[in-house]
Amino acid sequence: MVEEIAAMARETGAETGRPRFSDAVMAAIGKVPRHRFVPVPLQSSAYDNRPLPIGEGQTISQPYIVALMSELLDAKPTDRVLEVGTGSGYQAAVLAELVAKVYTIEIVEPLARRAMQTLGQLGYGNIEVRIGDGYDGWAAAAPFDSIIVTAAPAEIPKPLIDQLRSGGRMVIPVGGSRDVQQLLLVEKRVDGSATTKRTLTVRFVPLTRHPAAK
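Residues numbered from 1 in each chain as written. Predicted model: local features only at pLDDT ≥ 70, side-chain atom pairs only at ≥ 80, totals over all residues. Heavy atoms only, no water.

> So what's going on with the overall build of the chain? Residues and values would help.
Within the chain, the secondary structure is distributed over six helices and nine strands. Its C-alpha atoms give the chain a radius of gyration of 16 Å, near enough to 17 Å, the size a compact globule of 214 residues would have. Taken along its principal axes, the extent of the C-alpha atoms in the chain is 45 × 40 × 40 Å. In the chain, buried positions account for 54% of the 214 residues. In the chain, 55% of the contacts between residues at least 6 apart in sequence involve partners at least 24 apart. Carbon and sulfur atoms make up 51% of the accessible area of the chain, which amounts to about 9600 Å² in all. (Helix = DSSP H or I, 4+ residues; strand = E, 2+ residues; numbered from the N terminus. Rg over C-alpha atoms; globule rule 2.2 N^0.38 Å. Buried < 20%, exposed > 50% of the residue type's maximum accessible area, 1.4 Å probe, protein only. Contact = heavy atoms within 4.5 Å. Areas by Shrake-Rupley, 256 points an atom, 1.4 Å probe, with all protein chains shown as cover.)

> Go over the packing of aromatic side chains with me, naming the residues and quoting the values.
For any pair of aromatic rings, the description rests on two quantities: the centre-to-centre distance and the angle between the ring planes. In the structure shown here, the tally under the stated rule is four aromatic pairs. Measuring from ring centre to ring centre gives 5.7 Å for Tyr103 and Phe144, while their planes differ by 65°; the resulting arrangement is edge-to-face. Of this pair, Tyr103 sits in strand E4 (residues 101-106) while Phe144 sits in strand E6 (residues 144-149), placing them 41 residues apart in sequence. For Tyr103, a relative accessible area of 11% puts it in the buried group. (Phe/Tyr/Trp six-rings, centres within 6.5 Å; stacked < 30°, edge-to-face > 60°.)

> How would you summarise the pairing of strand E5 (residues 127-131) if you had to cite specific residues and measurements?
The pairing of E4 with E5 spans five bridges and is classified as parallel. Among the inter-strand pairings, Ile105 is bridged to a residue of E5, identified as Arg130. Considered for its hand, the β-α-β crossover made up of E4, helix H5 (residues 109-121) and E5 is right-handed. (Pairing = 2+ DSSP bridges. Right-handed = clockwise from strand over helix to strand, strands pointing away.)

> Explain the sheet that holds strand E8 (residues 181-188) residue by residue, including any values.
Pairing is mixed in the open sheet, where seven strands are placed in the order E5-E4-E3-E6-E7-E8-E9. Every interior strand has two partners, whereas the edge strands, E5 and strand E9 (194-202), have only one. Strand-to-strand twist across the sheet, computed as the mean angle between neighbouring axes with direction ignored, equals 15°. As judged from the four bridges shared by E6 and strand E7 (residues 164-174), these two strands associate in the parallel manner. Bridge pairing in E7 links Ile147 to Met170. (Axes fitted to C-alpha atoms, helices over the stretch in contact; angles between N-to-C directions.)

> So what's going on with the side chain of Thr150? Which residues, and what values?
Along the chain, the position of Thr150 falls in the loop between E6 and helix H6 (158-162). In this structure Thr150 comes out as buried when scored by relative accessible area, which is 15%. A distance of 2.5 Å separates a polar atom in the side chain of Thr150 from the backbone oxygen of Gly85. If we ignore the near neighbours within four places in the chain, the residues touching Thr150 are Glu83, Val84, Gly85, Gln91 and Phe204. (Polar contact = N/O pair within 3.5 Å; in protein donor to acceptor, adjacent residues only side chain to side chain.)

> Can you break down the environment of Asp136 residue by residue, with the values?
Within the fold, Asp136 resides in the loop between E5 and E6. Among the residues examined, Asp136 registers a relative accessible area of 41% and is labelled partly exposed. Sequence-wise, Asp136 and Gln163 are 27 residues apart; in three dimensions their C-alpha atoms are separated by 9.4 Å. Once you skip the residues sitting within four places of it in the chain, Asp136 turns out to touch Pro159, Gln163 and Arg209.

> How would you summarise the environment of Glu128 if you had to cite specific residues and measurements?
With respect to the helices and strands, Glu128 occurs in strand E5. Residue classification places Glu128 among the partly exposed positions, given a relative accessible area of 34%. The spacing of Glu128 and Leu82 is 46 residues in sequence and 9.7 Å in space, taken between C-alpha atoms.

> A description of the pairing of E4 should follow, citing residues and the corresponding values.
Here E4 lies mainly inside the structure; five of its six residues are buried. Both strand E3 (residues 80-84) and E4 contribute to a ladder of five bridges, which runs parallel. Looking across to E4, one finds that Val81 is bridged to Val102. Handedness of the crossover joining E3 and E4 through helix H4 (residues 90-96) is recorded here as right-handed.

Right under this line is the structure:
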């Protein structure tokens, strides 16, 4: 799996600007046991470089995409990162190998509780999981050095930009469920504005919101 990710990085380097992923990211991908984050009947396919269903209409992302999104953050060991869309907990675990603290939000309660259990069993004490609407971020823990979003909203949520520190980065897929989605790298300027850069065309599940927020 790691070798295939490295090959895909070379193939997509012109689009992403990252033809080679850092040693830290590749080590994290190699260390986290992906099979622990997928349903038992699918564990034999856990190290295939493709997304897999995890129940509740959600998926665990393709390992290459997990690695790419982690790479684009340029994370430091002292960073505090917000993840919107915990899902299985796999992306959070990869981030936890790279940074000091991961805050992750999941709106689908059964997934959140399952992720809490898995992450706890694997000993990830630097991950805090919250059940809630990730569109609004996690204001009490802000500002964050970086933010990663693992489901696609129609536009970049303003609360997430507000909760990103000056100079921070956000990686987010943007586009409705029927639209072409783009994986964006967002960088926050000192004046509070943000720049965006397109990387790849992607396909993520839509960002789910509480009914009252729609």
